[in-house]
Every structure is written in C-alpha cells, then in structure tokens.
Amino acid sequence: YLKHFTPLGESCVLIHPTDHKFGGDRLSAEESDRFVEKIERAFEVDGFSLWALERKDTKEFIGYTGLWRSTFESDFNPSIEIGWRLDVRHWGFGFASEAAKEVLRIGFEEFGLDELVSFTAEVNERSTKVMRRIGMEYSDTFIHPKVDESSVLKTHVLFKISQDTFTSRLKS
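A. Main features of a positive patch on the surface. Positive charge collects at one region of the surface, where Lys-101, Arg-126, Lys-129 and Arg-133 lie side by side. It is helix 4 (residues 125–133) that contributes the most residues to the positive patch, three residues altogether. Assignment of secondary structure puts Arg-133 in helix 4.

B. Quick peek at helix 3 (residues 95–110). In a regular helix each residue adds 1.5 Å, so 16 residues correspond to 22 Å; helix 3 covers 22 Å between its end C-alpha atoms and thus fits that length. Those residues of helix 3 that fall on the buried side of the exposure criterion are Phe-95, Ala-96, Ser-97, Ala-99, Ala-100, Val-103, Leu-104, Ile-106, Gly-107 and Phe-108. A positive backbone phi angle near 65° is found at Gly-112, which sits one or two residues after helix 3.

C. The packing of aromatic side chains, seen in detail. Under the counting rule described, the total for this entry stands at 12 aromatic pairs. Relative to Tyr-64, the ring of Phe-35 lies with its centre 5.7 Å away and its plane at 55°, an arrangement referred to as tilted. Residue Phe-35 is located in helix 2 (residues 29–46), and its partner Tyr-64 is located in strand 3 (residues 61–70); the two are separated by 29 residues in the primary sequence. Classification of Tyr-64 as buried rests on a relative accessible area of 11%. Ring geometry for Phe-43 against Trp-51: centres 5.4 Å apart, planes inclined by 65°, an arrangement best described as edge-to-face. Among the aromatic residues, ring-to-ring pairing joins Phe-72, Phe-76, Phe-119 and Phe-142 into one connected group.

D. How the structure looks around the nonpolar core. In terms of nonpolar packing, the biggest core is built from 32 residues, with Leu-67, Ile-82, Trp-84, Leu-104, Leu-116 and Ile-134 touching the most fellow members. Looking at which element gives the most residues to this core, the answer is helix 3, with eight residues. Contacts of Leu-116, omitting those with residues within four sequence positions, involve Leu-67, Ile-80, Leu-104, Phe-108, Met-136, Phe-159, Lys-160 and Ile-161. Of all hydrophobic cores here, the second largest spans six residues; its members include Val-117, Phe-119, Phe-142 and Leu-158.

Procedures and definitions
- Residues numbered from 1 in each chain as written.
- Predicted model: local features only at pLDDT ≥ 70, side-chain atom pairs only at ≥ 80, totals over all residues.
- Heavy atoms only, no water.
- Patch = residues over 30% accessible without salt bridge, like charges linked within 9 Å, V, L, I, M, F, W, Y side chains within 5 Å.
- Areas by Shrake-Rupley, 256 points an atom, 1.4 Å probe, with all protein chains shown as cover.
- Salt bridge = Lys/Arg side-chain N within 4 Å of Asp/Glu carboxyl O.
- Lys, Arg positive; Asp, Glu negative; His and termini not counted.
- Charge placed at Lys NZ, Arg CZ, Asp CG, Glu CD.
- Helix = DSSP H or I, 4+ residues; strand = E, 2+ residues; numbered from the N terminus.
- Expected span 1.5 Å × (residues − 1).
- Buried < 20%, exposed > 50% of the residue type's maximum accessible area, 1.4 Å probe, protein only.
- Phe/Tyr/Trp six-rings, centres within 6.5 Å; stacked < 30°, edge-to-face > 60°.
- Core = buried A, V, L, I, M, F, W, Y, C linked by side-chain atoms within 4.5 Å.
- Contact = heavy atoms within 4.5 Å.

Quick look at the structure:
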C-alpha cells in the first residue's frame with residue numbers, strides 16, 4: 001500500500017537499525033525529517049515522489065518506493081528513476097516487486113512518462129532481481145559519481161523500461 005509520509009510517523013522509522021549496506025548510512029532523526037521534507041517538495045513540484053510503503057495485512061511501515069528525478073552527471077541523466085528501500089525484515093516477500101509494479105503503472109499511465117530508469121550497486125543482486133521481475137532490461141554499467149572511489153558500491157548497473165515496452169507487456 002502506497003501513502004504519503006507523515007513527518008512524525010514514518011520519518012522516524014527511517015532511522016531504525018536496518019541493513020543499509022546498499023543505501024548509505026542510517027539517518028539521524030533530523031536528517032530523516034529533512035528527507036521527508038524533500039520528498040514532499042518533490043510531490044509539490046513534480047506531482048510524484050517517494051511513497052511510504054505499508055503492509056496491507058498489518059499496516060506496518062516497511063520502507064518506501066517511488067519516482068525520483070535523477071540529475072547527477074551521467075550519460076542517462078536527467079531521467080526519472082524508480083526506486084525502493086525496504087526494512088531488511090521485509091526482504092524476500094515480494095513487497096518491493098509488488099510496489100514497484102504499481103509505481104511503474106503510475107509513472108506511465110498517470111504521468112505519461114516515456115521511460116523510467118533504475119540503478120543500483122552491481123553487488124546488490126536483490127534489487128537487480130526486482131528490476132528484472134518488473135520488466136526492466138539491463139542497459140549499462142557505470143561508475144556512480146556520488147559514491148566514493150574506494151567503495152565496493154561504486155560500480156552500478158543501469159536498467160530501463162519504456163512506456164511502449166510496459167504497455168505491450170500488459171497486453172500479452
């Protein structure tokens with residue numbers, strides 16, 4: 001279930017001790033609140049951003065997914081990225097794929113986007129599997145300019161899906 005973040009609710013959950021080996025350091029409460037403010041500003045500007053993910057059965061906040069403007073210097077930017085981050089306790093249940101499929105639908109059907117990209121550290125096999133599961137195709141490997149050169153996370157894989165591909169797969 002996708003919903004807007006609430007500053008005193010889910011923002012605090014973003015600092016819980018989950019596995020951040022692919023997504024950077026845990027955020028302090030202040031950093032988390034600033035992140036939620038940035039998310040809400042993106043909704044105001046673009047109409048889309050990151051949605052909080054809530055389990056349908058327990059109503060528990062488990063992470064986020066959504067669409068984000070990617071602007072760092074690269075051959076494929078500017079672009080619109082589909083992304084997700086889930087609490088490690090909720091990995092392996094299909095929640096990321098289910099939510100990402102809905103976000104693809106929103107991006108293409110409600111916002112009329114032509115193409116969506118997703119990228120992750122090459123070593124992040126779980127996210128790569130989600131990308132493939134939702135119909136995205138491998139496009140390239142690149143060195144992420146915002147990741148430290150000495151990090152094992154610097155090499156990223158890029159996946160893409162066009163609106164035409166998305167639409168044709170719905171019909172088949």
